Amino acid sequence: QVHLAESGGGLVQVGGSLRLSCAASGLTFTFPYHNMGWFRQAPGKEREFVAAISWNGASTYYADSVKDRFTISRDNAEGTVHLQMNSLKPDDTAVYYCNAVNIWASRPISPSFNSWGQGTQVTVSS
């Protein structure tokens, strides 16, 4: 059974930074084999892809809206995934979730696990 727990969100002013963390439990032996990613959902909007990292950390992917501002990383030994968010904008306001992801060259990056964590709220004020 997979459990995803996000943390690190908060209230920050425009231009500020936050570092989100995701702890994936129940994946003691398999976590290193999963591509992982971050998604976010703003009020009244659908959940959208933010960033992803391949199982070995060799490749990273970002939504155009966060490219050059966000950095995804992972620590397979700890079973954690992180999202460093810099130069935050009001449009970044959302609940952020982590999940395993499917990465295909010809398709949008999509979540893999059926279960989601509680997410962590990020609010950027102007």
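Residues numbered from 1 in each chain as written. Predicted model: local features only at pLDDT ≥ 70, side-chain atom pairs only at ≥ 80, totals over all residues. Heavy atoms only, no water.

A. Looking closely at the sheet that holds strand β7 (residues 70–75). The 4 strands lie next to each other as β1-β3-β8-β7, forming an open sheet whose pairing is antiparallel. Two strands close off the open sheet at either side, each with one partner strand: β1 (3–7) and β7. Taking the axes of each pair of neighbouring strands and ignoring which way they run, one obtains an average angle of 15 degrees across the sheet. (Pairing = 2+ DSSP bridges. Helix = DSSP H or I, 4+ residues; strand = E, 2+ residues; numbered from the N terminus. Axes fitted to C-alpha atoms, helices over the stretch in contact; angles between N-to-C directions.)

B. View of unusual backbone geometry. One non-glycine residue with positive phi stands out, namely D68, at about 75 degrees. Among the structural elements, D68 can be located in the loop between β6 (60–62) and β7. Given a relative accessible area of 76%, D68 falls into the exposed group. (Buried < 20%, exposed > 50% of the residue type's maximum accessible area, 1.4 Å probe, protein only.)

C. Representation of the side chain of H82 within the structure. Examined against the element boundaries, H82 turns out to sit in strand β8 (residues 80–85). Reaching out from H82, the side chain makes a polar contact with the side chain of S21 at a distance of 3.0 Å. A polar contact of 3.3 Å, which involves the side chain of H82, links it to the side chain of T80. Those residues in contact with H82 that sit more than four places away from it in its chain are R19, L20, S21, W38, T71, I72 and S73. (Polar contact = N/O pair within 3.5 Å; in protein donor to acceptor, adjacent residues only side chain to side chain. Contact = heavy atoms within 4.5 Å.)

D. A look at the pairing of strand β11 (residues 120–125). Going residue by residue along β11, you find T120, V122 and V124 tucked away on one face and Q121, T123 and S125 left uncovered on the opposite face. Two elements, strand β2 (residues 10–13) and β11, share 4 bridges in a ladder whose sense is parallel. Along β11, the bridge assignment pairs Q13 with S125. Where strand β9 (residues 94–102) meets β11, 3 bridges bridge the pair, whose relative direction is antiparallel. Each residue of the ladder has a partner; that of A94, found in β11, is V122.

E. Molecular detail of the nonpolar core. Judged by nonpolar contacts, the single largest core of 32 residues is most densely connected at W38, V50, F70, L83, M85 and Y96. Looking at this core, the elements that each hand over two or more residues are β3 (18–25), β4 (36–41), β5 (48–53), β7, β8, β9 and β11. Here V50 is in contact with W38, F39, R40, Y61, Y62, A63, V66, F70, L83 and Y96, once residues within four sequence places are set aside. (Core = buried A, V, L, I, M, F, W, Y, C linked by side-chain atoms within 4.5 Å.)

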